[in-house]
Amino acid sequence: MIGLARFVMRGRLQALVLAVGGASSLLFCWISAAVVALVTLRKGAAEGAWLLFWALLPASIMLYMVDDSGPLTVLVGTFTLALVLRATVSLPMAILASVLVGVVTGLLLVAFGSAYLEQLATAFGEFLARMETQLSAGGEQIVLPRPETGQIAGLLGGGGATLAVLCLLLARYWQAALFNPGGFGQEFRALHYPVSVTLLLVAMAVILSSTGATYRSWAMMCLLPLSFAGLSLVHARIEMRGGGPGWLVSFYLIWLVFDPVKLLVVCAAIADSWFNFRQRWAPQGGPLSPPGDGAAEDSEESRRRNTPGEQDSDDPKDR
């Protein structure tokens, strides 16, 4: 993966080849989105927008031919988050913006993709009907609830926002690996939200959930930043305990399989807003990462290198 980042940073043509090639495939559009984000973080909004324009061409063709807006929404969503990260130099703020990205994506699907949503709802209904037949073979009648188009739009919006955050994190990892090794890990482990932001996100999720089953999928978007904050807390705890990669692999396997673990991660992030567990876990007098953009700041030069929107040097190879 680092080899891809080095290839992208060689010049415009190399970045263009990967961005356009990835956007032409449903399986590899995430690589295209990460490339656009990396160029945006390293080179600036203008260079990122230029690359996004060319990547959107094959993504638009995919939308027209197979009626799948996934590559297009991931590209635009990731580029938006990269702009926020470059402007604010705050990873928590960029991930928080994913809520808006998910909501806008869902609303656009409701407004302009009703036929696509109806097709998905029909496909889900047929699948659930087959499941009902299999489950009712023992004699007991089982009826599964059918998803509505509004629920599907919320799921697609939340999924697009999640993928956009993951692509942004990959781009930030690439940037740190090339220009500030180790900076991304420290930055991610310091991901933290203040009490006011946490309360707002939880309140929005509760309000949406209470309005009915249609909007429960939309409520999950509000918990997306807290999910990443909780995962960051797990990374920080394992790092402070000196755990190796095996601990993280085991945790993510459990997290993927068991839904209650996902809820526990969100609850841990909510509790961390009040109690700031990283401060409590740190040894007395030991160095602590700030809960903001989080990277080592030993000097002015270090602060400049840790900035996601750092300016390029005059070396033509960076151009």
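The model shown is predicted, which means the values in this text are computed figures rather than measured ones.

Analysis parameters
- Residues numbered from 1 in each chain as written.
- Predicted model: local features only at pLDDT ≥ 70, side-chain atom pairs only at ≥ 80, totals over all residues.
- Heavy atoms only, no water.
- Helix = DSSP H or I, 4+ residues; strand = E, 2+ residues; numbered from the N terminus.
- Contact = heavy atoms within 4.5 Å.
- Areas by Shrake-Rupley, 256 points an atom, 1.4 Å probe, with all protein chains shown as cover.
- Patch = residues over 30% accessible without salt bridge, like charges linked within 9 Å, V, L, I, M, F, W, Y side chains within 5 Å.
- Salt bridge = Lys/Arg side-chain N within 4 Å of Asp/Glu carboxyl O.
- Axes fitted to C-alpha atoms, helices over the stretch in contact; angles between N-to-C directions.
- Parallel < 35°, antiparallel > 145°, perpendicular 65-115°, else oblique.
- Left-handed = near helix turned anticlockwise from the far one by under 90°.
- Phe/Tyr/Trp six-rings, centres within 6.5 Å; stacked < 30°, edge-to-face > 60°.
- Buried < 20%, exposed > 50% of the residue type's maximum accessible area, 1.4 Å probe, protein only.
- Lys NZ or Arg CZ within 6 Å of the ring centre and 35° of its normal.
- Expected span 1.5 Å × (residues − 1).
- pLDDT = per-residue confidence, 0-100.
- Core = buried A, V, L, I, M, F, W, Y, C linked by side-chain atoms within 4.5 Å.

### A few points about the overall build of the chain
Helix and strand counts for the chain stand at 16 helices and zero strands. The contacts of the chain with a sequence gap of at least 6 include a subset with a gap of at least 24, amounting to 72%. Only carbon and sulfur atoms are counted for the fraction: they give 67% of the accessible area of the chain, which is about 16400 Å².

### Side note on a nonpolar patch on the surface
On the surface, L26, I61, Y64, M65 and V66 cluster together into a nonpolar patch covering about 600 Å² of accessible area. Residue placement: I61 occurs in helix α4 (residues 45-66).

### Things to note about the packing of helix α6 (residues 91-112) against helix α12 (residues 224-240)
One way to put it is that α6 packs onto α12 with a least axis distance of 8 Å and a crossing angle of 150°. Here α6 lies roughly antiparallel to α12, going by the angle between them. Crossing hand, α6 versus α12: right-handed. When α6 is examined against α12, the residues I95, L96, S98 and V99 are found in contact with a partner set consisting of L224, P225 and F228.

### Remarks on the packing of aromatic side chains
Tallied over the full model, the rule gives seven aromatic pairs. With a centroid separation of 6.1 Å and 20° between ring planes, the pair formed by F184 and F188 is classed as stacked. Highlighted residues: F184 and F188, both in helix α9 (residues 183-189), separated by four residues, approximately one helical turn. Given the relative accessible area of 9%, F188 is considered buried. Taken together, the ring pairs connect Y173, F184 and F188 into an aromatic cluster. The ring centre of W281 lies 4.7 Å from the NZ or CZ of R237, which sits over that ring. A cation over an aromatic ring shows up here: K262 above the ring of W255, its NZ or CZ 5.3 Å from the ring centre.

### Let's talk about helix α5 (residues 70-88)
In this model α5 runs 27 Å from its N-terminal to its C-terminal C-alpha over 19 residues, within 8% of the 27 Å that 1.5 Å per residue would give. Of the residues making up α5, those classed as buried are P71, V74, L75, G77, T78, F79, L81, A82, L85 and R86. Those residues of α5 that are buried are in contact with α2 (12-23), α3 (29-43), α4, α6 and α8 (149-179).

### So, the confidence of the model for the chain
Interpretation of the predicted coordinates at a detailed level should be avoided for regions scoring low in pLDDT. Per-residue confidence for the chain averages 84 on the pLDDT scale, and 87% of its residues sit at or above 70. The low-confidence segment residues 285-319 (pLDDT under 50) makes 63 contacts with residues lying over four places distant or belonging to another chain.

### Considering unusual backbone geometry
Non-glycine residue V89 carries a positive phi angle of around 55°. Relative to the helices and strands, V89 resides in the loop between α5 and α6. Residue V89 is classed as partly exposed on the basis of its relative accessible area, which comes to 22%. The phi torsion at N276 lies on the positive side, around 50°, for a residue other than glycine. Within the secondary structure, N276 sits in the loop between α14 (259-275) and α15 (277-281). Using a relative accessible area of 21% as the deciding quantity, one classes N276 as partly exposed.

### Re the pattern of salt bridges
Going through the model one piece at a time under the given rule, you end up with four salt bridges. When the shortest N-O distance is used, the salt bridge between E187 and R172 registers 2.9 Å. Linking E187 in helix α9 with R172 in helix α8, this pair joins segments that are 15 residues apart in sequence. Accessibility expressed as a relative area gives 2% for E187, which makes it buried. Among the salt bridges present, the one from D272 reaches R278, with a minimum N-O distance of 2.8 Å. Summarising the burial analysis for this pair, D272 and R278 share the class buried.

### Section: the nonpolar core
In terms of nonpolar packing, the biggest core is built from 64 residues, with V8, V35, L75, I95 and L169 touching the most fellow members. Residue contributions to this core peak at ten residues, all from α8. Every residue in contact with V35, bar those within four places of it in the chain, is listed here: V8, A15, L18, A19, L51 and W174. Of all hydrophobic cores here, the second largest spans seven residues; its members include L109, L117, A121 and I152.

### Here's the deal with the environment of A94
Secondary-structure assignment places A94 in helix α6. On the basis of relative accessible area, A94 is assigned to the buried category, the value being 0%. Along the chain, A94 and V165 lie 71 residues apart, while their C-alpha atoms are 8.3 Å from each other. Apart from the residues within four sequence positions on either side, A94 is in contact with L81, V84, L85 and L168.

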